[in-house]
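# Inside the fold
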Amino acid sequence: MKEKVRYTFIDLLRGWAIIIMIEVHVFNAFLLPELKQAGWFDILTFINGLVAPAFLFVSGFAFQISSGGKLDDMRKFKSSFWKKLWRYFSIILIGYGLHLPYYSLSKIINKSTPNQLQSFFAIDVLQCIGVGLIILFAIRLLIHSDKIYNYTLIGLTIFVLFISPFFWKTDFTNLLHPVFTNYFNRLNGSLFPVFPWINFILVGAIFAKYFLDAVTKDKEKKFTMATTFVGIIMLFSGHLFYSGLFPGYLTSIIPNPIFFIERLGYILIFATLCWYFNNWRNTKKSFVLDASRESLLIYWLHLITIYGMFWAGQSFAFLIGPTLNLIESIVTTIILMIAMILIAKIWGQTKMKFPKYAGKVAWGVVGVLFIIFLLS
């Protein structure tokens, strides 16, 4: 039973994060600009801003859960090492693929404008996840002691927490190519640079370590209650910091440690709510779990649906634009959510029934698309 709880509650958190992410992108792309000036949209924007950190947190948690197997083989660079490394690099490649200015290599080389290249080089949540997992992977392989490994993650989290405000305002373009500088800050258009967002991945891994320790000691419920309490303190501390009681020169620093602590507080609360819900319902089948298991597919597919330039070189985001009212945006969101969940469910069942063929079909599709990209 504990094994199910250990995985299911975090799957629920990831599932809800990817489902709500669809609403984020639909509203950003299609909602009328005047509606975005309303007070309720500021609240929605803050809530939506918690989705990516939750996704990053879950990535770190999932890494920690799966990192214990075949460590000796991976330290000897056997096939398991290369498979794991390729998996993480493929996440980065998918992230860049979503930012392609053209679905043609020759057009990218010959027609791309500086703005298009800047957008292509920008770092989104997938690149941040991929780099974060590679860093965790390297640390896990280099450090044999579990205790030292965990302390290293804590130390790295503190380092990133306090170095990020300095990196945030430092222009690295004179030192590095934009491909690399975008990983440090948002000065060139990155939405989720490594600094500070990798901290949510690191804390996800740290949280998983202590959670599993609690499970081993049969203190899972006590740990969850303590996490809930800590999360409440964190989020209220954050709101107090931004309430106007503190000088503007402090609150204007982005990112600052309180920015991270406040959002981490919410994520811890969401995680424990998922734990309590699963402990109550013992969830085994759910559309949320379907979405969670195919979260990468849903992430890629819903963004391609909205922003893919398939209509005479234009996307739905361009053709429709920010023209929808609130009801229309909600209906569009629900339709896209249902479509993504159904596709995830069908693909998940296909992989279960035909595991050998599903993988070959997926790689076949990727191969065909890559050939078209090279030759078109």
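So, how was this worked out
- Residues numbered from 1 in each chain as written.
- Predicted model: local features only at pLDDT ≥ 70, side-chain atom pairs only at ≥ 80, totals over all residues.
- Heavy atoms only, no water.
- 1 Å grid on protein atoms, 1.4 Å probe; cavity = no way out; pocket = protein on both sides within 12 Å on 5 of 7 lines; lining within 4 Å.
- Points joined across faces, edges and corners; volume = space filled by probe spheres on them.
- Helix = DSSP H or I, 4+ residues; strand = E, 2+ residues; numbered from the N terminus.
- Nonpolar A, V, L, I, M, F, W, Y, C, P; charged D, E, K, R; others polar.
- Expected span 1.5 Å × (residues − 1).
- Buried < 20%, exposed > 50% of the residue type's maximum accessible area, 1.4 Å probe, protein only.
- Polar contact = N/O pair within 3.5 Å; in protein donor to acceptor, adjacent residues only side chain to side chain.
- Contact = heavy atoms within 4.5 Å.
- Salt bridge = Lys/Arg side-chain N within 4 Å of Asp/Glu carboxyl O.
- Core = buried A, V, L, I, M, F, W, Y, C linked by side-chain atoms within 4.5 Å.
- Patch = residues over 30% accessible without salt bridge, like charges linked within 9 Å, V, L, I, M, F, W, Y side chains within 5 Å.
- Areas by Shrake-Rupley, 256 points an atom, 1.4 Å probe, with all protein chains shown as cover.
- Phe/Tyr/Trp six-rings, centres within 6.5 Å; stacked < 30°, edge-to-face > 60°.
- Lys NZ or Arg CZ within 6 Å of the ring centre and 35° of its normal.
- Axes fitted to C-alpha atoms, helices over the stretch in contact; angles between N-to-C directions.
- Parallel < 35°, antiparallel > 145°, perpendicular 65-115°, else oblique.

### Some words on the layout of surface pockets
Of the voids in this model, the second largest pocket is the one considered here, and its volume is about 1,200 Å³. His25, Asn28, Asp124, Leu191 and Tyr307 are the residues nearest the centre of the second largest pocket, which is lined by 38 residues in total. Mapped by element, the contributors of at least two residues to the lining of the second largest pocket are α1 (2-30), α2 (39-48), α3 (51-66), α7 (114-121), α14 (257-281) and α16 (295-307). Partitioned by chemical class, the residues of the lining of the second largest pocket number 24 nonpolar, 11 polar and three charged.

### Quick word on helix α18 (residues 326-353)
With 28 residues, α18 extends 41 Å between its outermost C-alpha atoms, agreeing within 8% with the 40 Å of an ideal straight helix rising 1.5 Å per residue. Ser329, Thr333, Leu336, Met337, Met340, Ile341, Ala344 and Gly348 are the residues of α18 that are buried. Capping of α18 at its N-terminal end is provided by asparagine 325; its side-chain oxygen lies 3.1 Å from the backbone amide nitrogen of isoleucine 327.

### Here we look at the environment of asparagine 150
Relative to the helices and strands, asparagine 150 is located in helix α9 (residues 146-168). A sequence separation of 60 residues divides asparagine 150 from tyrosine 210, and the C-alpha atoms of the two residues are 9.7 Å apart. When near neighbours in sequence (up to four residues on either side) are disregarded, asparagine 150 contacts Ile206, Lys209 and Tyr210.

### What about the pattern of salt bridges?
Applying the stated criterion across every chain, the model contains nine salt bridges. When the shortest N-O distance is used, the salt bridge between aspartate 213 and lysine 209 registers 2.7 Å. With aspartate 213 and lysine 209 both in helix α11 (residues 194-216) and four residues apart, the pair spans about one turn of that helix. When its relative accessible area of 25% is taken as the criterion, lysine 209 is described as partly exposed. Shared partners join several salt bridges into a network, and the residues in it are Asp290, Arg293 and Lys345.

### Some words on the environment of tryptophan 275
Tracing the backbone through its elements, the reader meets tryptophan 275 in helix α14. Put simply, tryptophan 275 and serine 90 are 185 residues apart on the chain and 30 Å apart in space, counted from C-alpha to C-alpha.

### Re the nonpolar core
Counting 102 residues, the largest nonpolar core has Phe9, Phe57, Leu136 and Phe211 as its most contacted members. For this core, the element with the most residues is α11, which contributes 16 residues. Those residues in contact with leucine 136 that lie beyond four places of it in its chain are Gly60, Phe63, Tyr149, Leu153, Ile201, Leu202 and Ala205.

### Observations regarding a nonpolar patch on the surface
A cluster of nonpolar side chains, Trp40, Leu326, Ile327, Ile330, Val331, Ile334, Ile335, Ile338, Leu342 and Ile346, forms an exposed patch at the surface whose accessible area comes to about 900 Å². Examining the composition of the nonpolar patch, we find that nine residues originate from one element, α18, more than from any other. Its location among the elements puts isoleucine 334 in helix α18.

### Considerations on the packing of aromatic side chains
If you walk through the whole model with that rule in mind, you get 34 aromatic pairs. Taking 5.0 Å as the distance between ring centres and 70° as the angle between the ring planes, the aromatic pair formed by phenylalanine 192 and tryptophan 197 counts as edge-to-face. Take phenylalanine 192 and tryptophan 197: they sit in the same class, and that class is buried. For the ring pair phenylalanine 207 and phenylalanine 211, a centre distance of 6.2 Å and an interplane angle of 15° mean the geometry is stacked. Highlighted residues: phenylalanine 207 and phenylalanine 211, both in helix α11, separated by four residues, approximately one helical turn. Phenylalanine 211 gets classed as buried once you look at its relative accessible area, which sits at 1%. Taken together, the ring pairs in this structure connect Phe9, Phe57, Phe61, Phe207, Phe211 and Phe223 into an aromatic cluster. Above the face of the phenylalanine 259 ring, arginine 263 is positioned so that its terminal group lies 3.9 Å from the ring centre. Lying across the ring of tryptophan 280, arginine 281 places its NZ or CZ 5.3 Å from the centre.

### Focus: the packing of α18 against helix α19 (residues 355-375)
At their nearest, the axes of α18 and α19 sit 5 Å apart, and the two run at 125° to each other. Here α18 is positioned oblique relative to α19, judged by the angle of their axes. On α19, the residues touching Trp347, Thr350, Lys351, Met352 and Lys353 of α18 are Pro355, Ala358 and Ala362.

### Description of the side chain of threonine 8
You can see threonine 8 is positioned in helix α1. With near-sequence residues (within four places) excluded, threonine 8 lies in contact with Asn278, Thr283 and Leu289.

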